[in-house]
Amino acid sequence: HFVKFFGTEDHAWIKVEQLKPYHPHKEEMIKINKGKRFQQAVDAVEDFLKKKEKQGGKEQDTRSTSIQAADSTAINGSITPTDKRIGFLGLGLMGSGIVSNLLKMGHVVTVWNRTVEKCDLFIQEGARLGRTPAEVVSMCDITFSCVSDPKAARDLVLGPSGVLQGIRPGKCYVEMSTVDPETITELSQVISSRGGRFLEAPVAGSQQVSNEGMLVILAAGDRTVYEDCSSCFQAMGKTSFFLGEVGNAARMMLILNMVQGSFMATIAEGLTLAQATGQSQHTFLDILSQGQMASTFVDQKCQNILQGNFKPDYYLKHIQKDLRLAISMGDTANHPTPMAAAANEVYKRAKALDQSDNDMSAVYRAYIH
């Protein structure tokens, strides 16, 4: 059955034998699954049932109410992995966490990375090694890629021993890199020209969020590939959105990162202005954390800045790339992006100060030099 997951509002194909009536098995499942996300799912089911009761409607057949829900848990307390062979290209900050979670949840994964040493840890965890992108694609049913920028994404597909050489009719290719819509459209066309099936699925998050399996996945393209990737997306993320035709996920991802990058630059500007005017930066953060802008993102980034810790969770050079691509997208749409343009200049200044490979929060250093 195609089942709704309470909590994340996701949907996925679930085997009949993995579905159980809600009420008879509720307490048993709560004992097995103690995670916060699973409890949120149970809460969502209860809210749904209360609303139905208030509306005076009869409760629907509980056999269709799966309490696998937001924790993506099957009857044994874990995701039921697809039987399709999974390939993964690119083991950077985001890709490493994704692959680790795919393996933990029982997927059969073949990995490739430009620097092969990064594959060693995953081989020890049970992954297989592919010698080239073409070999990985030829060995696997669904191949994901997650690389740094449009050039890297194109080179991976079109370069020597690249993805395109391994594509055959029916092979699925999922591009998770944050790139521009034009690059995504080009890759979709060349994959489709060989009979391949294409999905774009960039992710919102950071290294920590990736490691925790809490990414937000934005997908667009071939809907059947999206459905085939269900267990993979459950393993790596807390929710996924299907946004329609190819290019829509790239557009949405750039807009999200444009907002995040601009916000980070503004926070850095506020911290340095507080210092310049004799105000306590710690007090500024305390006040901020009690107001409407309070968030884990603000707290973690500000704490890291105050501690001088710029270990990358999301590379500064990558958020600047995303700002640049978003500004270009605005130009194409004849839409003004003055805030993003101003933030982009601050990040460029930070890059000139050798902050490219630090976390995006190192934009702070552009204000103090």
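Looking at an unreviewed UniProt entry, one finds the chain named Cytokine-like nuclear factor N-PAC, with Oncorhynchus tshawytscha as its source organism. Listed in UniProt under the heading Sequence similarities (unreviewed entry), the comment for the chain reads: "Belongs to the HIBADH-related family. NP60 subfamily." Per its UniProt entry, the chain bears the Subcellular location (unreviewed entry) comment "Chromosome".

Colleague: Please set out the overall build of the chain residue by residue, giving values where relevant.
Modeller: Along the backbone of the chain there are 17 helices and 11 strands. By the compact-globule yardstick of 21 Å for 369 residues, the chain fits well, its C-alpha radius of gyration being 22 Å. Evaluated residue by residue, the chain yields a buried proportion of 48% over its 369 residues. When contacts within the chain are restricted to residue pairs at least 6 apart in sequence, long-range pairs at least 24 apart make up 67% of them. When the accessible surface of the chain is summed, it comes to about 17,600 Å², and 52% of that surface belongs to carbon and sulfur atoms. The averaged location of the 40 negative side-chain charges in the chain is 2 Å from the averaged location of its 39 positive side-chain charges.

Colleague: I'd like to hear about the nonpolar core, residue by residue, with values.
Modeller: Grouped together as the largest cluster of nonpolar side chains are 33 residues, with contacts concentrated most on F88, L102, F144, V174, M176, F233 and M236. Looking at this core, the elements with two or more residues in it are β3 (86-89), α3 (93-104), β4 (109-112), β6 (142-145), β7 (172-175), β10 (215-221), α10 (223-228) and α11 (230-236). Examining the composition of this core, we find that five residues originate from one element, α3, more than from any other. Not counting the four nearest positions on each side in its chain, M176 is found in contact with F88, I98, F144, S145, C146, A201, P202, V203 and M236. Core analysis: the second largest hydrophobic core is formed by 31 residues, I305, A350, M360 and A362 among them.

Colleague: Let's hear about the pattern of salt bridges: which residues, and what values?
Modeller: Scanning all chains against the criterion turns up 12 salt bridges. Taking the shortest distance from any N to any O, the salt bridge between R223 and E227 comes out at 3.7 Å. In this pair, R223 and E227 are both assigned in helix α10, four residues apart and thus about one turn of the helix distant. R223 gets classed as partly exposed once you look at its relative accessible area, which sits at 36%. Its salt-bridge partner being K301, residue D359 comes within 2.9 Å of it at the nearest N-O pair.

Colleague: Before we move on, could you go through the UniProt feature "domain: 6-phosphogluconate dehydrogenase NADP-binding" (unreviewed entry) in the chain and cite the residues and values that matter?
Modeller: With numbering aligned to this structure, UniProt lists the feature "domain: 6-phosphogluconate dehydrogenase NADP-binding" (unreviewed entry) at residues 85-244. Counting secondary structure, residues 85-244 comes out at 42% helix and 23% strand; the distance between its end C-alpha atoms is 25 Å.

Colleague: Pulling in residues and values, what's your account of the pairing of β4?
Modeller: Going residue by residue along β4, you find V109 and V111 tucked away on one face and T110 and W112 tucked away on the opposite face as well. Two strands pair when backbone bridges link them, and β3 and β4 are joined in this way by four bridges, in the parallel orientation. Residue F88 lies in a different strand from β4, and its bridge partner there is V111. Both β4 and strand β5 (residues 128-129) contribute to a ladder of two bridges, which runs parallel. Note that in β5 the partner of T110 across the bridge is R128.

Colleague: Give me the packing of aromatic side chains: which residues, what numbers.
Modeller: If you walk through the whole model with that rule in mind, you get seven aromatic pairs. For the ring pair F144 and F233, a centre distance of 6.3 Å and an interplane angle of 70 degrees mean the geometry is edge-to-face. One end of the pair, F144, is in strand β6; the other, F233, is in helix α11, with 89 residues separating them in the sequence. Classification of F144 as buried rests on a relative accessible area of 0%. F233 sits in the buried class, given a relative accessible area of 4%. One aromatic cluster in this structure is built from F88, F144, Y226, F233 and F242. It is R223 that lies over the ring of F242; its NZ or CZ is 4.7 Å from the centre. One Lys or Arg, K317, reaches over the ring of Y315 and ends 5.1 Å from the middle of that ring.

Colleague: Pulling in residues and values, what's your account of helix α13 (residues 281-288)?
Modeller: Among the residues of α13, those classed as buried are Q281, L285 and L288. Along the long axis of α13, the arc covered by the buried residues comes to 60 degrees, so they all point the same way. The exposed set on the far side of α13, more than 90 degrees from its buried face, consists of H282 and I287. Residues of α13 that are buried make contact with α12 (248-276) and α14 (296-307). With a side-chain oxygen positioned 3.3 Å from the backbone nitrogen of H282, the residue opening α13 is S280.

Colleague: Give me the packing of α12 against α13: which residues, what numbers.
Modeller: Running from N to C, α12 and α13 cross one another at 135 degrees; their axes reach a closest spacing of 9 Å. Taken together, α12 and α13 sit at an angle that is classed as oblique. For the pair α12 and α13, the sense of crossing is right-handed. Only Q281, F284 and L288 of α13 make contact with α12, whose side of the interface consists of I267, G270, L271, T272, A274 and Q275.

About the criteria used
- Residues numbered from 1 in each chain as written.
- Predicted model: local features only at pLDDT ≥ 70, side-chain atom pairs only at ≥ 80, totals over all residues.
- Heavy atoms only, no water.
- UniProt positions renumbered as here; feature names shortened; annotations may be inferred.
- Helix = DSSP H or I, 4+ residues; strand = E, 2+ residues; numbered from the N terminus.
- Rg over C-alpha atoms; globule rule 2.2 N^0.38 Å.
- Buried < 20%, exposed > 50% of the residue type's maximum accessible area, 1.4 Å probe, protein only.
- Contact = heavy atoms within 4.5 Å.
- Areas by Shrake-Rupley, 256 points an atom, 1.4 Å probe, with all protein chains shown as cover.
- Lys, Arg positive; Asp, Glu negative; His and termini not counted.
- Charge placed at Lys NZ, Arg CZ, Asp CG, Glu CD.
- Core = buried A, V, L, I, M, F, W, Y, C linked by side-chain atoms within 4.5 Å.
- Salt bridge = Lys/Arg side-chain N within 4 Å of Asp/Glu carboxyl O.
- Pairing = 2+ DSSP bridges.
- Phe/Tyr/Trp six-rings, centres within 6.5 Å; stacked < 30°, edge-to-face > 60°.
- Lys NZ or Arg CZ within 6 Å of the ring centre and 35° of its normal.
- Arc of directions from axis to C-beta.
- Polar contact = N/O pair within 3.5 Å; in protein donor to acceptor, adjacent residues only side chain to side chain.
- Axes fitted to C-alpha atoms, helices over the stretch in contact; angles between N-to-C directions.
- Parallel < 35°, antiparallel > 145°, perpendicular 65-115°, else oblique.
- Left-handed = near helix turned anticlockwise from the far one by under 90°.

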